[in-house]
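A look at the structure
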Amino acid sequence: MDAMECLLGRQSTPAANLVEPTPCDEEILELLRAAMRAPDHGALRPWRFLAIRGERRKVLGDIFADSLVKRDPDAKVEEVEKARGKPQRAPLVMAVWAEITVNHPKVPIVEQVIATGAAAQNLLNALHAGGYQAIWVTGAPCYDENVKCSLGLEPKDALVGFIHIGTAKGPMPIKKRPNPAEYLQIW
Ligand SMILES: Cc1cc2nc3c(=O)[nH]c(=O)nc-3n(C[C@H](O)[C@H](O)[C@H](O)COP(=O)(O)O)c2cc1C
């Protein structure tokens with residue numbers, strides 16, 4: 001697959017359609033080499049990745065459930081169980097966050113978050129190139145201080161998403177994409 005074919009072929013797969021096989025730990029490291037190619041002002045390398053697979057996804061589900069209860073003590077049992085089940089949808093979940101350098105003289109926080117987002121996107125493209133499927137999701141857990149703390153982040157850090165990874169159960173319809181001409185001005 002050439003580079004443009006790869007970029008133009010990537011699309012997300014709903015987490016519930018993702019099954020094994022997933023990249024092994026060694027392959028993950030190889031795929032993350034693409035993430036290390038993200039543009040990065042000040043070479044801060046703000047990106048951090050936590051791969052959660054198998055039984056450990058239950059730990060993440062419990063974190064989501066407990067955090068929901070702390071956020072909303074009136075949450076219904078069904079809502080709490082739904083939150084608990086979220087990481088079980090795909091066989092591998094990659095938490096991605098930006099370890100923020102505060103008060104950096106040249107690199108504002110937004111740039112550190114953008115660089116981490118670019119690293120996540122490079123990972124999505126590398127997964128696609130490697131024959132895997134994935135989807136980037138956030139939702140309330142990404143902005144929940146209890147979730148962040150349970151994953152080892154500090155309050156200053158930014159959890160940018162949970163990339164759900166696997167192999168699509170079956171072929172996915174190809175999504176129509178916007179016409180770039182509608183998004184471009186040329187001066
Ligand atoms: C930062 C970010 C957060 C996202 N969060 C969610 C989410 O919580 N749930 C969801 O279904 N899609 C979410 N998406 C969108 C999907 O990742 C995906 O881009 C969308 O379904 C469109 O599919 P495509 O990647 O094939 O264009 C998010 C995307 C980004 C960039």
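Scroll up for the structure.
Worth saying up front: this structure is predicted, and the values here are computed from it rather than measured.

Criteria and thresholds
Residues numbered from 1 in each chain as written. Predicted model: local features only at pLDDT ≥ 70, side-chain atom pairs only at ≥ 80, totals over all residues. Heavy atoms only, no water. Helix = DSSP H or I, 4+ residues; strand = E, 2+ residues; numbered from the N terminus. Buried < 20%, exposed > 50% of the residue type's maximum accessible area, 1.4 Å probe, protein only. Polar contact = N/O pair within 3.5 Å; in protein donor to acceptor, adjacent residues only side chain to side chain. Contact = heavy atoms within 4.5 Å.

Here we take up the side chain of aspartate 157. Note on placement: aspartate 157 falls in the loop between α6 (145-150) and β5 (158-168). A relative accessible area of 5% places aspartate 157 in the buried class. Polar side-chain contacts of aspartate 157 include one of 2.6 Å to the side chain of lysine 156.

Time to look at the environment of proline 21. In this fold, proline 21 is placed in the loop between β1 (18-19) and α2 (25-35). For the pair proline 21 and glycine 166, spaced 145 residues apart in the sequence, the C-alpha separation amounts to 6.0 Å. Contact partners of proline 21, with chain neighbours within four places excluded, come to Tyr132, Gly166 and Thr167.

This part is about the environment of proline 91. The residue proline 91 is located in the loop between α4 (77-85) and β3 (92-98) in this model. By relative accessible area, which is 9% here, proline 91 ends up buried. Along the sequence, proline 91 and methionine 4 sit 87 residues apart, while their C-alpha atoms lie 28 Å from each other. Contact partners of proline 91, with chain neighbours within four places excluded, come to Leu18, Val19, Glu20, Thr22, Ile52, Arg53, Gly54, Arg57, Ile165 and Gly166.

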